[in-house]
Amino acid sequence: MDLLALADFNLVARHGGFGRAARASGRPKATLSRRVGELEASLALRLFERGARSLKLTEEGRALHERTRVLLTELDEAASAIATGGDRPRGRLRISAPVLFSQTAMGRLAVDFALKYPDIRLEITTEDRAVDMVEEGYDLAIRVNPEPDETLVGRIFLRDRLVVVASPGLDRPGEGATVPGVIRGPIGGPLTWDMRSPGGKSSVTVDPVLGLSSLMMVREAIRAGLGAGRLPISLVSRDLAAGRMVLWGDLDRPEIALWTLYPSRRLLSARVSAFLVHLKEAFPMGTADELAAHIDG
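I will try to describe carefully the structure that is included in this document.

Procedures and definitions
- Residues numbered from 1 in each chain as written.
- Predicted model: local features only at pLDDT ≥ 70, side-chain atom pairs only at ≥ 80, totals over all residues.
- Heavy atoms only, no water.
- Core = buried A, V, L, I, M, F, W, Y, C linked by side-chain atoms within 4.5 Å.
- Buried < 20%, exposed > 50% of the residue type's maximum accessible area, 1.4 Å probe, protein only.
- Contact = heavy atoms within 4.5 Å.
- Axes fitted to C-alpha atoms, helices over the stretch in contact; angles between N-to-C directions.
- Helix = DSSP H or I, 4+ residues; strand = E, 2+ residues; numbered from the N terminus.
- Parallel < 35°, antiparallel > 145°, perpendicular 65-115°, else oblique.
- Left-handed = near helix turned anticlockwise from the far one by under 90°.
- Nonpolar A, V, L, I, M, F, W, Y, C, P; charged D, E, K, R; others polar.
- Expected span 1.5 Å × (residues − 1).
- Arc of directions from axis to C-beta.
- Patch = residues over 30% accessible without salt bridge, like charges linked within 9 Å, V, L, I, M, F, W, Y side chains within 5 Å.
- Areas by Shrake-Rupley, 256 points an atom, 1.4 Å probe, with all protein chains shown as cover.
- Salt bridge = Lys/Arg side-chain N within 4 Å of Asp/Glu carboxyl O.
- Lys, Arg positive; Asp, Glu negative; His and termini not counted.
- Charge placed at Lys NZ, Arg CZ, Asp CG, Glu CD.
- Phe/Tyr/Trp six-rings, centres within 6.5 Å; stacked < 30°, edge-to-face > 60°.
- Lys NZ or Arg CZ within 6 Å of the ring centre and 35° of its normal.
- Pairing = 2+ DSSP bridges.

**Points about the nonpolar core**
- Among the nonpolar cores identified, the biggest contains 38 residues, and Phe101, Met106, Phe157, Trp193, Trp248, Phe275 and Phe283 are the most heavily contacted of them.
- Apart from residues no more than four positions distant in its own chain, Phe283 is found in contact with Phe101, Leu109, Phe157, Leu158, Glu290, Leu291 and His294.
- If you look at the next biggest cluster of nonpolar residues, it comprises 17 residues, including Phe9, Ala13, Leu39 and Phe48.

**Some points on the packing of helix H5 (residues 99-116) against helix H9 (residues 270-282)**
- H9 packs onto H5 with a crossing angle of 125° between their chain directions and a minimal axis gap of 11 Å. Considering the angle they form, H5 stands oblique to H9. Between H5 and H9 lies a crossing of right-handed hand. Residues Met106, Leu109, Asp112, Phe113 and Lys116 of H5 touch H9, and the partners they reach there are Arg271, Ala274, Phe275, His278, Leu279, Glu281 and Ala282.
- Tallied by class, the residues present in the contact of H5 with H9 amount to seven nonpolar, one polar and four charged.

**Observations concerning H9**
- Compared with an ideal rise of 1.5 Å per residue, which puts 13 residues at 18 Å, H9 spans 18 Å between its outermost C-alpha atoms and is within 8% of the ideal.
- Where H9 is concerned, the buried positions are Arg271, Val272, Ala274, Phe275, Leu276, His278 and Leu279.

**Things to note about helix H2 (residues 18-25)**
- Those residues of H2 that fall on the buried side of the exposure criterion are Phe18, Ala21 and Ala22. Looking straight down H2, one finds that the buried residues subtend no more than 100° of arc, so they occupy a single side. Exposed positions of H2 whose direction lies more than 90 degrees from the buried face are Arg23 and Ala24.
- Buried positions along H2 lie against helix H1 (3-15), helix H3 (29-43), strand E1 (48-50) and strand E2 (55-57).
- Just beyond H2, the residue with positive phi is Gly26, at close to 75°.

**Overview of the side chain of Ser234**
- Structurally, the position occupied by Ser234 is in helix H8 (residues 233-242).
- Overall, Ser234 belongs to the buried group, its relative accessible area being 6%.

**With respect to a negative patch on the surface**
- On the surface, Glu66, Asp132, Asp149 and Glu150 cluster together into a negatively charged patch.
- Structurally, the position occupied by Glu66 is in helix H4 (residues 59-84).

**Comments concerning the packing of H1 against H3**
- H3 packs onto H1 with a crossing angle of 115° between their chain directions and a minimal axis gap of 9 Å. When the axes of H1 and H3 are compared, the crossing they make is left-handed. For the pair H1 and H3, the contacting residues are Leu4, Ala5, Leu6, Asp8, Phe9, Leu11 and Val12 in the first and Leu32, Arg35, Val36 and Leu39 in the second.

**Points about the packing of aromatic side chains**
- Considering all chains together, one arrives at seven aromatic pairs under this definition.
- Here Phe157 and Phe283 contribute two aromatic rings whose centre-to-centre distance is 6.2 Å and whose plane-to-plane angle is 45°, an arrangement assigned as tilted. Placement of the pair is Phe157 in strand E6 (residues 153-160) and Phe283 in the loop between H9 and helix H10 (288-296), with a sequence separation of 126 residues.
- Members of the aromatic cluster, connected to one another through ring pairs, are Phe9, Phe18 and Phe48.
- Here the guanidinium or amino end of Arg94 rests over the ring plane of Tyr138, the centre of that ring lying 4.3 Å away.

**Let's talk about the sheet that holds strand E5 (residues 140-144)**
- Judged by pairing direction, the sheet is mixed, and its five strands sit side by side in the order E4-E3-E5-E13-E6 without closing on themselves. Both edges of this open sheet fall to strand E4 (120-126) and E6, since each of them pairs with a single strand only. The average undirected angle you get between the axes of adjacent strands in this sheet is 20°.
- Two strands pair when backbone bridges link them, and E5 and strand E13 (residues 256-262) are joined in this way by four bridges, in the antiparallel orientation. Note on E13: the bridge partner recorded for Ile142 is Thr260.

Shown next, in the form of structure tokens:
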């Protein structure tokens, strides 16, 4: 198989079209089209479905792209390291991270990583949706309690838990009474939050009075005394210690697990490996207390 033709195919697949690939690489569009056509002929396979205004990978093309793009990246990195006489990670590293983790911790992590690895061009996109890592060109994704995905390799690097908190001036309601609540998302009818505490299990009925799209905004509203709310313990531990909030109990639901996900265990990029080590150094035990200290720092 012609490695140059294979590289051109991956270039076009990554950019989603011959024109975009030509502009990104500075190579003639006709040359890319010819090389991909020669690769298809040599494999006796159609790798792209060509429409009047669109280009889409066939099932065979998608499989070839997924299996060869990491290999080609590794070959390119190995050649660059040999040519420069060094083994420092270099090149572009694209990461997708959830909103709250990005707002509270990712900025500091990114700065420290960029200072440690000046040859890596780090790009971080903040979003809570489950991105298609291969199709969208991400090297690493950080996700909260992700759904199982056989195409991805992952591991937990942080654990957190949800708690019910309120301002000190808001009394906890008695049996059958309700309390105003601040929630993330749209406001609906009353909610029941089941909790665990050293004294046993209990519940509180909440009447949502404010719906917000960000947990950072929810924290501000709780501080202001508008109602009780559910937040990660790492986000409110400083408020609890300072007396700005009081803890009513742990929410009776599974813990929050933050995962790192990447497409393949084989030939893991030196850039991805470096960032995984960076996360391990930042959170060696992977606890909520470590995340809280990182946020507060």
